[in-house]
Structures are given as structure tokens and as C-alpha cells.
Amino acid sequence: QVLLEESGGGLVQPGGSLRLSCAASGRTFSTYSMGWFRQAPGKEREFVANILWSGGITYYADSVKGRFTISRDNAKNTVYLQMNSLKPEDTAVYYCAAARTPFLPARSVGAVGSWGQGTQVTVSS
């Protein structure tokens, strides 16, 4: 089991930027892919981004490709999500996610083994 703690959410105007961080503890961080999902009110939780254990391969939802960047620092057991050119439709609770299986990506809810508590991101003028 891994414990995940997000930080960095908040209120930002359209076109602005935020960086989310997720600190992990409790198991070998470097062998598991890490990622971010989000859930808007009344909607299902959806995949946002994932980064493999080595950091060399990343995956993004089409809706955020070119605007969001995921990265990780295995020495600090931390994964980041840099969000640029934010839109009102990016408003959601963002959840950090650790894969259930080592070395494999987690791009669906079922592939996630551990969740963070979530951090609110609100994009509004």
C-alpha cells in the first residue's frame, strides 16, 4: 500500500497555470507508474495523465494534451502535474493515483491501486 498526498490546487483565472504535487510514501515508489485523474461535479472520474516508472514515457488525455505536463522525481518520491492554459472545463477535484501493478501504466480507474485524497482546482474569472 502506498500513501499519497496532493498539494497545489486552488483558484485560477482562465489561461492561468497551476502545478500540482503528489508525495508518496509506504512502498517502492520508483517501480510504479504514477498519474492524475480528475472528477467534476456530476461526472465520473476520468484519466488525465500517467508517467511510467522510469519517467521516460508519458500518457495524456486528449483534452489536456499540449497544455499539461506530468513529471516525477523518484529521489523525492514525488510526481507533478504542470497545468498551463487552464480552461473552465478543467475545473474538478484532481486525484493522484498509483498503479496497481508495477511497471505498467494506469490509464483507467480499475488499474489504480492507491488514491490520494484529492485537491480542488477551480478555473474561473
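Basis of the calculations
Each chain carries its own residue numbering, running from 1 in the written order of its sequence. Note on the predicted model: pLDDT of at least 70 is required for a residue's local features to be given, and 80 or more for side-chain atom pairs to be given and counted; whole-chain, interface and lining totals, by contrast, use all residues. Only heavy atoms go into the side-chain values, all of them from the structure, while hydrogens and water stay out. Buried Ala, Val, Leu, Ile, Met, Phe, Trp, Tyr and Cys residues that are joined via side-chain atoms within 4.5 Å together make up what is termed a nonpolar core. Residue exposure (1.4 Å probe, protein chains only): buried if accessible area is under 20% of the type maximum, exposed if over 50%, otherwise partly exposed. Helix and strand assignments follow DSSP, with helices taken as H or I runs no shorter than four residues and strands as E runs no shorter than two, numbered in order from the N terminus. Only heavy atoms matter for contacts: two residues are in contact if any of them lie within 4.5 Å across the pair. Any carboxyl oxygen of Asp or Glu within 4 Å of a side-chain nitrogen of Lys or Arg constitutes a salt bridge here. Pairing between strands is defined by DSSP: at least two bridges between them are needed.

Here we take up the nonpolar core. Ranked by size, the top nonpolar core spans 33 residues in total, and within it Met34, Trp36, Leu81, Met83 and Tyr94 carry the most contacts. Only strand 3 (18-25), strand 4 (34-39), strand 5 (46-51), strand 7 (68-73), strand 8 (78-83), strand 9 (92-99) and strand 11 (119-123) provide two or more residues apiece to this core. Per-element tally for this core: the top contributor is strand 9, with six residues. Aside from chain neighbours lying at most four places away, what touches leucine 81 is Leu18, Arg19, Leu20, Trp36, Val48, Ala49, Phe68, Thr69, Ile70 and Tyr94.

Glancing now at the pattern of salt bridges. This model, assessed by the stated rule, comprises four salt bridges. Where arginine 38 meets aspartate 90, a salt bridge forms, and the shortest distance between an N and an O atom there is 2.9 Å. In this pair, arginine 38 sits in strand 4 while aspartate 90 sits in the loop between strand 8 and strand 9, placing the two residues 52 residues apart along the sequence. Neither residue differs from the other here; arginine 38 and aspartate 90 are each classed as buried. What emerges from the salt-bridge pattern is a single network uniting Arg38, Glu46, Arg67 and Asp90.

Now for unusual backbone geometry. Note: most peptide bonds trans; most residues except glycine with negative phi. Even without glycine at this site, serine 85 takes up a positive phi of about 50°. Counting through the fold element by element, serine 85 comes out in the loop between strand 8 and strand 9. Despite not being glycine, phenylalanine 103 shows a phi value in the positive range, around 70°. By secondary structure assignment, the location of phenylalanine 103 is in the loop between strand 9 and strand 10 (112-115).

Going residue by residue along strand 7, you find Phe68, Ile70 and Arg72 tucked away on one face and Thr69, Ser71 and Asp73 left uncovered on the opposite face. For strand 7 and strand 8, the ladder comprises six bridges, and the chain directions are antiparallel. Counterpart to arginine 72 in the pairing with strand 8 is valine 79. Hairpin connection from strand 7 to strand 8: four residues lie between these consecutive antiparallel strands, with asparagine 77 at a positive phi of about 50°.

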